[in-house]
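Chain by chain, the residues:
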Amino acid sequence: MPIRQMKDSSETHLVIKTQPLKNHNPKTVQNGKIPPSPVTTPATVTQSQASSPSPPSKNRSRRRNRGGRKSDQGDVCMRPSSRPRKPPPPCQTTSAVVSASTAGEIVAVSHQMQMGVRKNSNFAPRPGFGTLGTKCIVKANHFLADLPTKDLNQYDVTITPEVSSKSVNRAIIAELVRLYKESDLGKRLPAYDGRKSLYTAGELPFTWKEFTVKIVDEDDGIINGPKRERSYKVAIKFVARANMHHLGEFLAGKRADCPQEAVQILDIVLRELSVKRFCPVGRSFFSPDIRTPQRLGEGLESWCGFYQSIRPTQMGLSLNIDMASAAFIEPLPVIEFVAQLLGKDVLSKPLSDSDRVKIKKGLRGVKVEVTHRANVRRKYRVAGLTTQPTRELMFPVDENCTMKSVIEYFQEMYGFTIQHTHLPCLQVGNQKKASYLPMEACKIVEGQRYTKRLNEKQITALLKVTCQRPRDRENDILRTVQHNAYDQDPYAKEFGMNISEKLASVEARILPAPWLKYHENGKEKDCLPQVGQWNMMNKKMINGMTVSRWACVNFSRSVQENVARAFCNELGQMCEVSGMEFNPEPVIPIYNARPDQVEKALKHVYHTAMNKTKGRELELLLAILPDNNGSLYGDLKRICETELGLISQCCLTKHVFKISKQYLANVSLKINVKMGGRNTVLLDAISCRIPLVSDIPTIIFGADVTHPENGEESSPSIAAVVASQDWPEVTKYAGLVCAQAHRQELIQDLYKTWQDPVRGTVSGGMIRDLLISFRKATGQKPLRIIFYRDGVSEGQFYQVLLYELDAIRKACASLEPNYQPPVTFIVVQKRHHTRLFANNHRDKSSTDRSGNILPGTVVDTKICHPTEFDFYLCSHAGIQGTSRPAHYHVLWDENNFTADGIQSLTNNLCYTYARCTRSVSIVPPAYYAHLAAFRARFYMEPEIMQDNGSPGKKNTKTTTVGDSGVKPLPALKENVKRVMFYC
């Protein structure tokens, strides 16, 4: 029977009465395995079953032909017919044709998935290795590590009194090892994690023992003379043994589950010596001795260091080493730090209230040491700043509340004369018993990482330090490995670990660039990118849109009207040359406005234009902004996209004065997709030659969650989901955004239900809305889902897959009983430390202009996971520094992609990014989701600029809505949702 159109309202569902499938074994599920319990056939799945929570079934080992498509995929009809069935013609598949795995059995199987994943902890297995592309050799910053032959033992450590500082804990255990290694510890050299666990190679002579250890108080600060000692009791108790045989089998690919505890122990062992030598930050180590620190401004400096992590790979255990940089607080006298922070002389000029606020924020939580006592350098943590200058400060010195000034106290007690009495004092200790320290008597303690947001200048300065050409980075990594001298590491020796000093040589392949299709009216109708880039010369957009009604608002005082007019003319002409139709005349004359009256200006332009066009809305608003525009850009986007429903394109003053053809061409690309057009499409897409995309209607999702900066403890996280709205082109992506709880990684609004007093239970959510919009745009429902998920760390893979795949299932089932298109769920990672280098830097044919590996380089052997379906892909050409390949991990695959299939699809999609004529570093749907999430930050409460140039909240009361206590974002206007507004 024909399928009725999907409805927006949740109470009307599509109903398909299906028959049992012919020539189909209902017990066969995705990847060719039989489920642990009988599967309900499509004809017997009830509506309640289809719409009930359906966590996906266990993704077990795939078919024996190692990942090819199922033989009956794409030609199983949902209605019986006496005539022989023919496969549908390419790209003309109706929504009555589904793959075997979509026809209902997944609904039943999916109920078992949640238990299956938890029980066996397996993701999609590797279907084999890729073969497409030109073979080559690359080097990776992975160093082979031998597997220890001894079993590792774990002991629980209890320190009394309890200590919160890892460094103090380490000092206690180090002293214990020094005292008792040769005796009670049986000559064992243990590794310690700084908290509760101690590890040894071989057993200790006891299962439980208590020791007494005394250590000196490092913060006491006495240089010469006796220091205060503290006594601790340390109880060590045997907990468990980590089996190295299990790890060996996993590395050999004979077991699917990784013994994480064994890998974690070896990681701690190899970090032990570096923790003692350097300043540890997360998995990285920093030191001012590795390279001379560079000043970043405002009292900060950059320290160089290295990242280190042990990873299980196909070649065995691998030590991943990479260079790192981080911002540290410069160990300056506090007065000098304050002068740098404020950028002015603080000794002669009085401090303003805003200066005090900035100093307080800059110093709160920072450790300082006193310098006014000859042989004592006691350390304190700054709690705040006094409101009064030092000369006015008094405090009680006895129980009778006898008051004494700070100036008198320091003179009498220490013989220290305070010179700068106009400055406030540092407040240390707690609020009840605050102590005052004059700024001139304090110096910042070395080795404190700066964790707050950097300003633009500091970011630029830090990037200059971190940006290294590939050859230089490779040499620094090799020097780091040699300097760390793992062959001399007593902990590595104790645990029987040898580390290679050579970079891993890895077989790679360079995938070919895809042909791109442009409009038939252009001189060049198609194009083959060269080394990841091309241009728009002699080409016209494949779907150029028309801009009939537009206006321009100028917020830049330095741009005269004739200059703005000339710029708009040039931009309109470039749009015409590129394949659009652009009316040369704006609806109303260019409107000049002040940046602080953005809302008034936009509403004036909007309503004036509406009156002029007799109620027809503006299609495009051009906005000229000052180069440094503070919150103007964000305010403009928020008002246009959530209040007025205007599509806008912002241009900075510097580009208006210096009009470059390249800039205008890029802006025209952005305008066209914001209008709903396409710039280019893959030739294979319109020729229906993309495996597992062109055969049946396929929707490609991208999803990302962006979290607030460090230090912003109350701001919500922003989730964004985009989805392709055209098939077979898969080029246009509609986007939706939502706010959710602070630092919540799981996307909460993928699927949701709520109670309506009239309609009852109503279904909604981002997945459901995007599936409906796909159906409206294409006339067909998606029969396959490919979901690229950005921003997930390895430790979150399981919970993200379980939660979000379940939400996808529920969203599909809420639209139509038995509607369960097969899903491929891929995590995209950019925040990793694997780098790939050319095997021979002198061979120019194997590198791009920047000295990086060529775009299209893919690696799925040796440094990849022993059994799971992952690969590294460098899809872009480097510009400066060392290219970072994207890491793709296929967690779930019901579409049975081959390695070549998913690698080629991902690489080809990277050439369809709308904003430039270059291939990009991550797959565009994930990139678009990131852009949409970043844009949505501007939709929250309007921000004001703080003194340090970073945005801060206005002091307004916010109302919270919903269980999460997060105020929802204002809704996007309907016309904005439909287009790529975030570009």
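Residues numbered from 1 in each chain as written. Predicted model: local features only at pLDDT ≥ 70, side-chain atom pairs only at ≥ 80, totals over all residues. Heavy atoms only, no water.

## Let's talk about the overall build of the protein chain
Put simply, the rule is: What counts as a helix is a DSSP run of H or I of at least four residues, what counts as a strand is a run of E of at least two, and both are numbered from the N terminus. When accessible area is computed with a 1.4 Å probe and restricted to protein chains, residues below 20% of their type maximum are described as buried, those above 50% as exposed, and intermediate ones as partly exposed. Residues are treated as being in contact if the distance between any of their heavy atoms lies within 4.5 Å.
When helices and strands are tallied, the protein chain shows 23 helices and 44 strands. The burial tally for the protein chain puts 55% of its 983 residues in the buried class. Considering only residue pairs separated by 6 or more positions, the protein chain has 73% of its internal contacts joining residues 24 or more positions apart.

## Re the nonpolar core
Counted only if it meets this: We call a set of buried Ala, Val, Leu, Ile, Met, Phe, Trp, Tyr and Cys residues a nonpolar core when their side-chain atoms join them within 4.5 Å.
Counting residues in each nonpolar core, the largest one holds 90 residues, and the members touching the most others are Leu620, Ile671, Tyr788, Tyr888, Leu905, Tyr928 and Tyr982. Residues within four places of Leu905 in sequence aside, it is in contact with Ile690, Val693, Ile786, Tyr788 and Phe897. Ala145, Leu189, Leu266 and Leu317 belong to the second-largest nonpolar core, a separate cluster that totals 55 residues.

## Comments concerning the pattern of salt bridges
Between side chains of opposite charge, a pair can form as their charged atoms come close. Rules: Whenever Lys or Arg places a side-chain nitrogen within 4 Å of a carboxyl oxygen from Asp or Glu, that contact is recorded as a salt bridge.
Across all of its chains, the model carries 44 salt bridges by this definition. A salt bridge links Glu412 to Lys404; its shortest N-O distance comes to 2.7 Å.

## Considering the sheet that holds strand β20 (residues 435–438)
Defined as follows: Following DSSP output, two strands are said to pair if at least two bridges run between them. Under this scheme, a helix contributes an axis fitted over its contacting stretch, all axes are lines through C-alpha atoms, and angles between N-to-C directions fall in the 0 to 180 degree range.
The five strands are arranged β20-β19-β16-β15-β21 in an open sheet whose pairing can be described as antiparallel. The open sheet has two free edges, formed respectively by β20 and β21 (442–444), since each of these has just one partner strand. For this sheet, the mean inter-axis angle between neighbouring strands, taken without regard to orientation, is 50°. Examined bridge by bridge, strand β15 (residues 367–370) and β21 share three bridges and lie antiparallel to one another. When the sheet's bridge partners are listed, Glu369 is paired in β21 with Lys443. Running over the sheet, helix α7 (residues 334–342) touches β15, β19 (424–428) and β21 and is turned about 60° from β21.

## Topic: the pairing of strand β11 (residues 284–287)
Of the two faces of β11, the one carrying Ser284 and Phe286 and the one carrying Phe285 and Ser287 are both buried. As paired elements, strand β10 (residues 279–281) and β11 share three bridges and run antiparallel to each other. Across the sheet, Pro280 pairs through a bridge with Phe285, a residue of β11. Where β10 hands over to β11, the hairpin turn is made up of two residues, of which Gly282 adopts a positive phi near 60°. Sheet topology places β11 next to strand β13 (residues 300–313); four bridges connect them, and they run antiparallel. Its bridge partner being in β13, Ser287 is matched across the sheet by Cys304.

## What about the packing of aromatic side chains?
Note the cut-off: When the centres of two rings from Phe, Tyr and Trp lie within 6.5 Å, Trp using its six-membered ring, the rings pair. Their planes under 30 degrees apart give stacked, over 60 give edge-to-face, and anything left gives tilted.
Evaluation of the coordinates by the stated rule reveals 27 aromatic pairs. Between Tyr733 and Tyr928 the ring centres are 5.4 Å apart and the planes differ by 55°, which places this aromatic pair in the tilted class. With Tyr733 in strand β34 (residues 733–740) and Tyr928 in helix α22 (residues 924–936), this pair connects stretches of sequence that are 195 residues apart. Like Tyr928, Tyr733 is buried.

## Concerning empty space enclosed by the protein
As a reminder of what qualifies: Of the grid points, spaced at 1 Å and generated over the protein atoms alone, those admitting a 1.4 Å probe that cannot get out make up cavities, while open sets with protein on both sides within 12 Å along at least five of seven lines make up pockets; any residue with an atom within 4 Å of a point is treated as lining. Grid points are joined across faces, edges and corners, and a volume is the space filled by probe spheres set on the points. In this count, Pro and Cys sit with the nonpolar residues alongside Ala, Val, Leu, Ile, Met, Phe, Trp and Tyr, while Asp, Glu, Lys and Arg are called charged and the others, Gly among them, polar.
A complete count under the given rule lists three cavities of 30 Å³ or more for this structure. Asn679, Thr680, Tyr913, Ala914 and Cys916 are the residues nearest the centre of the largest cavity, which is lined by 13 residues in total. Of the residues in the lining of the largest cavity, the class split is eight nonpolar, five polar and no charged.

## Observations regarding a positive patch on the surface
This is how it is decided: Nonpolar side chains (Val, Leu, Ile, Met, Phe, Trp, Tyr) are joined into patches within 5 Å and like charges within 9 Å, using only residues with over 30% relative accessible area and no salt bridge. The method behind every accessible area is Shrake-Rupley, applied with a 1.4 Å probe, and residues are considered shielded solely by the protein chains displayed. Residues scored as charged are limited to Lys and Arg (positive) and Asp and Glu (negative), so that His and the chain ends carry no count. Note on charges: their place is set at NZ of Lys, CZ of Arg, CG of Asp or CD of Glu.
On the surface, Lys360, Lys361, Arg364 and Lys452 cluster together into a positively charged patch. Relative to the assigned elements, Lys360 resides in helix α8 (residues 353–363).

## Concerning the confidence of the model for the protein chain
Here is the rule: What pLDDT conveys is the predictor's confidence in a given residue, as a value from 0 to 100.
Confidence in the prediction of the protein chain, expressed as mean pLDDT, is 86, and 84% of residues score 70 or more. In this model residues 1–120 is a low-confidence stretch, pLDDT under 50, and it forms 268 contacts with partners more than four residues away in sequence or in other chains. Note on residues 943–961: pLDDT is under 50 here. Beyond four places in sequence and across chains, it has 35 contacts.

## So, the sheet that holds strand β7 (residues 197–201)
The antiparallel open sheet is built from five strands, whose spatial order is β6-β7-β5-β9-β8. Of all the strands in the sheet, just β6 (191–192) and β8 (208–216) have a single pairing partner and so form its edges.

## Quick word on the side chain of Glu474
Tracing the sequence through the fold places Glu474 in helix α11 (residues 470–484). In this structure Glu474 touches Lys139, Leu503, Phe837, Ala838 and His841, once residues within four positions along its chain are discounted.

## Thoughts on the environment of Asn535
Worth spelling out the cut-off: Polar contact is defined as a pair of N or O atoms within 3.5 Å, subject to the rule that within protein one atom must be able to donate a hydrogen and the other to accept it, and that residues adjacent in sequence are counted only when both atoms are side-chain atoms.
Within the secondary structure, Asn535 sits in the loop between β24 (526–527) and β25 (546–547). On the basis of relative accessible area, Asn535 is assigned to the partly exposed category, the value being 35%. Sequence spacing of Asn535 and Thr917 is 382 residues, and the spatial spacing of their C-alpha atoms is 5.8 Å. Polar contacts involving the side chain of Asn535 include one to the main-chain amide nitrogen of Met537, which spans 3.1 Å.

## Things to note about unusual backbone geometry
With an omega dihedral of -5°, the bond running from Thr160 to Pro161 counts as a cis peptide bond. Its identity as a non-glycine residue notwithstanding, Lys614 has a phi of 60°, on the positive side. The residue Lys614 is located in the loop between α14 (598–612) and β29 (620–625) in this model. Backbone geometry places Leu692, a non-glycine residue, at a positive phi of 60°.

## Side note on the packing of helix α19 (residues 766–778) against helix α20 (residues 797–815)
Operational definition: What sets the label is the angle itself: under 35 degrees gives roughly parallel, over 145 gives roughly antiparallel, 65 to 115 gives roughly perpendicular, and the rest give oblique. Definitions for this section: a left-handed crossing has its near helix turned counterclockwise from the far helix by less than a right angle. A right-handed crossing has that turn clockwise.
Running from N to C, α19 and α20 point in directions that differ by 50°, and their axes come no closer than 8 Å. By the criterion of interaxial angle, the relationship of α19 to α20 is oblique. Here the hand of the crossing between α19 and α20 comes out right-handed. Here Ile767, Arg768, Leu771 and Ile772 of α19 come into contact with α20, specifically with Ile808, Ala811, Cys812, Ser814 and Leu815.

## Re helix α13 (residues 561–578)
Here is the rule: A helix is expected to span 1.5 Å multiplied by its residue count minus one.
Here α13 is 18 residues long and its end C-alpha atoms lie 26 Å apart, about the 26 Å a rise of 1.5 Å per residue gives. Along its buried surface, α13 packs onto β26 (550–554), β27 (581–582), β29, β30 (648–652), α16 (653–657) and α17 (661–674).

## Focus on the environment of Lys464
For Lys464, the position within the fold is in helix α10 (residues 456–466). As a C-alpha pair, Lys464 and Gly881 span 417 residues in sequence and 9.4 Å in three-dimensional space.

## Observations concerning the packing of α7 against α8
In a packed pair of helices, the relevant descriptors are the angle between the two axes and the axis-to-axis distance. At a minimum axis separation of 10 Å, α7 and α8 run at an interaxial angle of 120°. When the axis of α7 is compared with that of α8, the two are oblique. α7 and α8 meet at a crossing whose hand is right-handed. Here Val334, Phe337, Val338, Leu341 and Leu342 of α7 lie close against α8, whose contacting residues are Asp355, Lys358, Ile359, Gly362 and Leu363. Looking at the contact of α7 with α8 residue by residue, the classes come out as seven nonpolar, one polar and two charged.

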